[in-house]
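Residue-level listing of the chains:
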Amino acid sequence: MLRVIDLDFKNILKNIDIEVRDNEIVSIIAANNVGKTLLCNILNTTVSTTSNIYLNNYDINENKHNYLRRISFIPESFFFINDLVYQEIKMPLYNLNLNVKEINEKYEEVIKFLDINYLSNKTIKELSVYEKFLVFLAKALITKPKLIIIDDVFKLIDKEDYKKVFILLEKIKKDCSI
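Residues numbered from 1 in each chain as written. Predicted model: local features only at pLDDT ≥ 70, side-chain atom pairs only at ≥ 80, totals over all residues. Heavy atoms only, no water.

**Student:** In this structure, what is going on with the side chain of E76? I would like to understand it.
**Tutor:** Position of E76 among the secondary structure elements: in the loop between β5 (71-74) and α3 (85-90). There is a polar contact of 3.4 Å between the side chain of E76 and the side chain of T37. A polar contact of 2.5 Å, which involves the side chain of E76, links it to the side chain of K155. Sequence-distant contacts of E76, defined by excluding residues within four places in its chain, comprise T37, D151, D152, K155 and L156. (Helix = DSSP H or I, 4+ residues; strand = E, 2+ residues; numbered from the N terminus. Polar contact = N/O pair within 3.5 Å; in protein donor to acceptor, adjacent residues only side chain to side chain. Contact = heavy atoms within 4.5 Å.)

**Student:** Could you clarify how one ought to interpret the packing of helix α4 (residues 100-114) against helix α5 (residues 129-141) in this entry?
**Tutor:** Packed helices, taken two at a time, are described by their axes: the angle between them and the distance between them. Running from N to C, α4 and α5 point in directions that differ by 130°, and their axes come no closer than 10 Å. Relative to α5, α4 is oriented oblique. Helix-helix and strand crossings are classified by hand; for α4 and α5 the assignment is right-handed. Contacts from V110, F113 and L114 of α4 reach α5 at L134, L137, A138 and L141. Of the residues belonging to the contact of α4 with α5, the class tally is seven nonpolar, no polar and no charged. (Axes fitted to C-alpha atoms, helices over the stretch in contact; angles between N-to-C directions. Parallel < 35°, antiparallel > 145°, perpendicular 65-115°, else oblique. Left-handed = near helix turned anticlockwise from the far one by under 90°. Nonpolar A, V, L, I, M, F, W, Y, C, P; charged D, E, K, R; others polar.)

**Student:** Hey, could you run me through the packing of aromatic side chains in this one?
**Tutor:** Given two aromatic rings, one states the distance between the centres and the angle between the planes to describe the pair. Tallied over the entire structure, the rule returns five aromatic pairs. With 6.0 Å between their ring centres and 70° between their planes, F79 and F136 make a pair best called edge-to-face. Residue F79 is found in the loop between β5 and α3, and its partner F136 is found in helix α5; the two are separated by 57 residues along the sequence. Ring centres of F154 and F166 lie 5.1 Å apart, and the angle between their planes is 25°; on these two criteria the pair is classed as stacked. On the criterion of sequence distance, the pair formed by F154 in the loop between β6 (147-150) and α6 (162-176) and F166 in helix α6 is long-range, its members being 12 residues apart. Site record: aromatic cluster; members linked through ring pairs are F78, F79, F80 and F136. A cation over a ring is seen here: K90 above Y107, with NZ or CZ 5.1 Å from the ring centre. (Phe/Tyr/Trp six-rings, centres within 6.5 Å; stacked < 30°, edge-to-face > 60°. Lys NZ or Arg CZ within 6 Å of the ring centre and 35° of its normal.)

**Student:** I'm lost on the layout of surface pockets in this one. Help?
**Tutor:** It is a probe the size of a water molecule, rolled over the atoms, that shows where empty space is left. In this structure, the largest pocket spans a volume of roughly 950 Å³. Taken together, 34 residues form the lining of the largest pocket, with I25, V26, S27, I28 and I150 sitting closest to its centre. Looking at the lining of the largest pocket, the elements with two or more residues in it are β2 (13-20), α1 (36-43), β6 and α6. When residues in the lining of the largest pocket are grouped by element, the largest group, five residues, is from α6. Looking at the lining of the largest pocket residue by residue, the class counts come to 24 nonpolar, two polar and eight charged. If you add up the space inside the second largest pocket, you get close to 730 Å³. If you trace the second largest pocket, you find 20 residues lining it, with L68, I71, S72, P92 and T143 closest to the centre. Counted by class, the lining of the second largest pocket contains 10 nonpolar, eight polar and two charged residues. (1 Å grid on protein atoms, 1.4 Å probe; cavity = no way out; pocket = protein on both sides within 12 Å on 5 of 7 lines; lining within 4 Å. Points joined across faces, edges and corners; volume = space filled by probe spheres on them.)

This is the structure in C-alpha coordinates:
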(Lines give C-alpha, C1' and ligand atoms only; values in the text may rest on other atoms or scores of the structure.)
Protein backbone atom coordinates (compact mmCIF):
# COMPACT_ATOMS: atom_id res chain seq x y z
CA MET A 1 0.00 0.00 0.00
CA LEU A 2 1.16 3.52 -0.82
CA ARG A 3 0.32 6.29 1.63
CA VAL A 4 1.08 9.97 1.20
CA ILE A 5 0.26 12.10 4.22
CA ASP A 6 -0.13 15.89 4.02
CA LEU A 7 2.19 16.39 1.05
CA ASP A 8 3.24 20.00 0.60
CA PHE A 9 5.68 21.12 -2.05
CA LYS A 10 6.56 24.76 -2.71
CA ASN A 11 2.96 25.98 -2.86
CA ILE A 12 2.39 23.83 -5.96
CA LEU A 13 1.07 20.75 -4.17
CA LYS A 14 -0.69 21.43 -0.87
CA ASN A 15 -2.29 19.17 1.73
CA ILE A 16 -2.24 16.10 -0.52
CA ASP A 17 -3.29 12.80 1.07
CA ILE A 18 -3.25 9.64 -1.04
CA GLU A 19 -3.84 6.02 -0.20
CA VAL A 20 -3.43 3.34 -2.86
CA ARG A 21 -4.11 -0.22 -1.77
CA ASP A 22 -2.48 -3.29 -3.27
CA ASN A 23 -3.96 -4.34 -6.62
CA GLU A 24 -5.62 -0.97 -7.07
CA ILE A 25 -5.37 1.23 -10.15
CA VAL A 26 -5.61 4.93 -9.43
CA SER A 27 -5.70 7.75 -11.95
CA ILE A 28 -5.04 11.35 -11.09
CA ILE A 29 -6.97 13.53 -13.48
CA ALA A 30 -6.43 17.26 -13.46
CA ALA A 31 -5.80 20.19 -15.76
CA ASN A 32 -2.39 20.70 -17.37
CA ASN A 33 0.39 22.29 -15.32
CA VAL A 34 -1.11 21.68 -11.89
CA GLY A 35 1.51 19.23 -10.58
CA LYS A 36 0.66 15.71 -11.75
CA THR A 37 4.16 15.10 -13.14
CA LEU A 38 5.66 16.75 -10.06
CA LEU A 39 3.70 14.31 -7.89
CA CYS A 40 5.02 11.40 -9.98
CA ASN A 41 8.56 12.73 -9.59
CA ILE A 42 8.13 13.04 -5.82
CA LEU A 43 6.80 9.48 -5.64
CA ASN A 44 9.73 8.13 -7.68
CA THR A 45 12.14 10.27 -5.57
CA THR A 46 13.47 12.32 -8.49
CA VAL A 47 12.25 15.31 -6.50
CA SER A 48 12.93 15.27 -2.75
CA THR A 49 10.42 16.15 -0.09
CA THR A 50 10.25 15.92 3.67
CA SER A 51 6.59 14.92 3.55
CA ASN A 52 5.49 11.52 4.83
CA ILE A 53 5.39 8.93 2.04
CA TYR A 54 5.19 5.21 2.80
CA LEU A 55 5.17 2.09 0.67
CA ASN A 56 4.16 -0.96 2.70
CA ASN A 57 5.15 0.98 5.81
CA TYR A 58 8.62 1.88 4.49
CA ASP A 59 9.22 5.61 4.91
CA ILE A 60 10.92 6.77 1.70
CA ASN A 61 12.81 9.45 3.60
CA GLU A 62 14.39 6.89 5.93
CA ASN A 63 15.27 4.16 3.45
CA LYS A 64 15.23 5.49 -0.10
CA HIS A 65 17.20 2.56 -1.53
CA ASN A 66 14.75 0.01 -0.13
CA TYR A 67 11.81 2.04 -1.45
CA LEU A 68 13.31 2.41 -4.93
CA ARG A 69 13.71 -1.36 -5.21
CA ARG A 70 9.94 -1.68 -4.76
CA ILE A 71 8.75 0.80 -7.39
CA SER A 72 8.96 1.24 -11.14
CA PHE A 73 8.36 4.44 -13.06
CA ILE A 74 7.24 5.02 -16.63
CA PRO A 75 7.83 8.68 -17.55
CA GLU A 76 5.64 10.76 -19.83
CA SER A 77 8.46 10.92 -22.40
CA PHE A 78 10.21 7.71 -23.39
CA PHE A 79 14.00 7.68 -23.44
CA PHE A 80 16.17 4.66 -24.05
CA ILE A 81 19.78 3.82 -23.23
CA ASN A 82 20.15 0.75 -25.43
CA ASP A 83 19.51 0.30 -29.14
CA LEU A 84 17.97 -3.17 -28.94
CA VAL A 85 14.70 -3.98 -27.20
CA TYR A 86 15.94 -7.05 -25.34
CA GLN A 87 18.91 -5.08 -23.92
CA GLU A 88 16.63 -2.27 -22.76
CA ILE A 89 14.19 -4.61 -21.02
CA LYS A 90 16.96 -6.47 -19.19
CA MET A 91 18.71 -3.28 -18.06
CA PRO A 92 16.97 -2.85 -14.65
CA LEU A 93 18.21 -6.31 -13.62
CA TYR A 94 21.91 -5.57 -14.06
CA ASN A 95 22.08 -3.65 -10.76
CA LEU A 96 20.53 -6.50 -8.79
CA ASN A 97 23.56 -8.81 -8.83
CA LEU A 98 21.73 -11.55 -10.72
CA ASN A 99 23.53 -14.08 -12.84
CA VAL A 100 22.92 -14.35 -16.60
CA LYS A 101 20.58 -17.33 -16.21
CA GLU A 102 18.38 -15.47 -13.71
CA ILE A 103 18.30 -12.36 -15.91
CA ASN A 104 17.31 -14.41 -18.96
CA GLU A 105 14.59 -16.26 -17.00
CA LYS A 106 13.06 -13.01 -15.76
CA TYR A 107 13.27 -11.57 -19.27
CA GLU A 108 11.50 -14.57 -20.81
CA GLU A 109 8.83 -14.41 -18.12
CA VAL A 110 8.01 -10.74 -18.73
CA ILE A 111 7.97 -10.91 -22.53
CA LYS A 112 5.71 -13.97 -22.34
CA PHE A 113 3.38 -12.23 -19.87
CA LEU A 114 3.09 -9.15 -22.12
CA ASP A 115 3.11 -11.24 -25.31
CA ILE A 116 5.90 -9.13 -26.85
CA ASN A 117 8.38 -11.73 -28.03
CA TYR A 118 7.98 -10.28 -31.53
CA LEU A 119 9.73 -7.10 -30.30
CA SER A 120 12.78 -8.83 -28.80
CA ASN A 121 15.27 -8.42 -31.64
CA LYS A 122 14.01 -5.11 -32.94
CA THR A 123 15.78 -1.82 -32.50
CA ILE A 124 14.11 0.92 -30.50
CA LYS A 125 13.98 3.07 -33.65
CA GLU A 126 11.73 0.51 -35.35
CA LEU A 127 9.03 0.70 -32.67
CA SER A 128 5.72 2.54 -32.67
CA VAL A 129 4.93 4.72 -29.67
CA TYR A 130 2.68 1.99 -28.26
CA GLU A 131 5.46 -0.58 -28.66
CA LYS A 132 7.86 1.78 -26.85
CA PHE A 133 5.32 1.92 -24.02
CA LEU A 134 5.32 -1.90 -23.97
CA VAL A 135 9.12 -1.88 -23.62
CA PHE A 136 8.89 0.54 -20.69
CA LEU A 137 6.13 -1.57 -19.16
CA ALA A 138 8.29 -4.69 -19.50
CA LYS A 139 11.18 -2.83 -17.84
CA ALA A 140 8.82 -1.81 -15.05
CA LEU A 141 7.51 -5.34 -14.50
CA ILE A 142 10.80 -7.23 -14.78
CA THR A 143 11.85 -6.30 -11.23
CA LYS A 144 8.45 -7.29 -9.78
CA PRO A 145 7.71 -3.97 -8.09
CA LYS A 146 5.00 -3.31 -5.53
CA LEU A 147 4.05 -0.05 -7.27
CA ILE A 148 4.22 1.17 -10.86
CA ILE A 149 3.91 4.91 -11.44
CA ILE A 150 2.90 5.84 -14.99
CA ASP A 151 3.05 9.51 -15.92
CA ASP A 152 0.55 10.52 -18.60
CA VAL A 153 1.14 7.75 -21.13
CA PHE A 154 -2.03 8.75 -22.96
CA LYS A 155 -0.45 11.98 -24.11
CA LEU A 156 1.85 10.01 -26.40
CA ILE A 157 -0.03 6.97 -27.66
CA ASP A 158 -2.69 6.89 -30.34
CA LYS A 159 -6.32 6.78 -29.26
CA GLU A 160 -6.80 3.34 -30.82
CA ASP A 161 -4.18 1.97 -28.40
CA TYR A 162 -5.89 3.32 -25.24
CA LYS A 163 -8.03 0.20 -24.85
CA LYS A 164 -4.94 -2.04 -25.17
CA VAL A 165 -3.26 -0.11 -22.35
CA PHE A 166 -6.29 -0.51 -20.08
CA ILE A 167 -6.50 -4.24 -20.85
CA LEU A 168 -2.81 -4.65 -19.98
CA LEU A 169 -3.16 -2.69 -16.74
CA GLU A 170 -6.11 -4.87 -15.71
CA LYS A 171 -4.09 -8.00 -16.54
CA ILE A 172 -1.21 -6.70 -14.41
CA LYS A 173 -3.58 -5.87 -11.57
CA LYS A 174 -5.06 -9.37 -11.72
CA ASP A 175 -1.88 -11.42 -12.16
CA CYS A 176 1.01 -9.48 -10.62
CA SER A 177 -0.12 -8.31 -7.16
CA ILE A 178 0.99 -4.75 -7.83
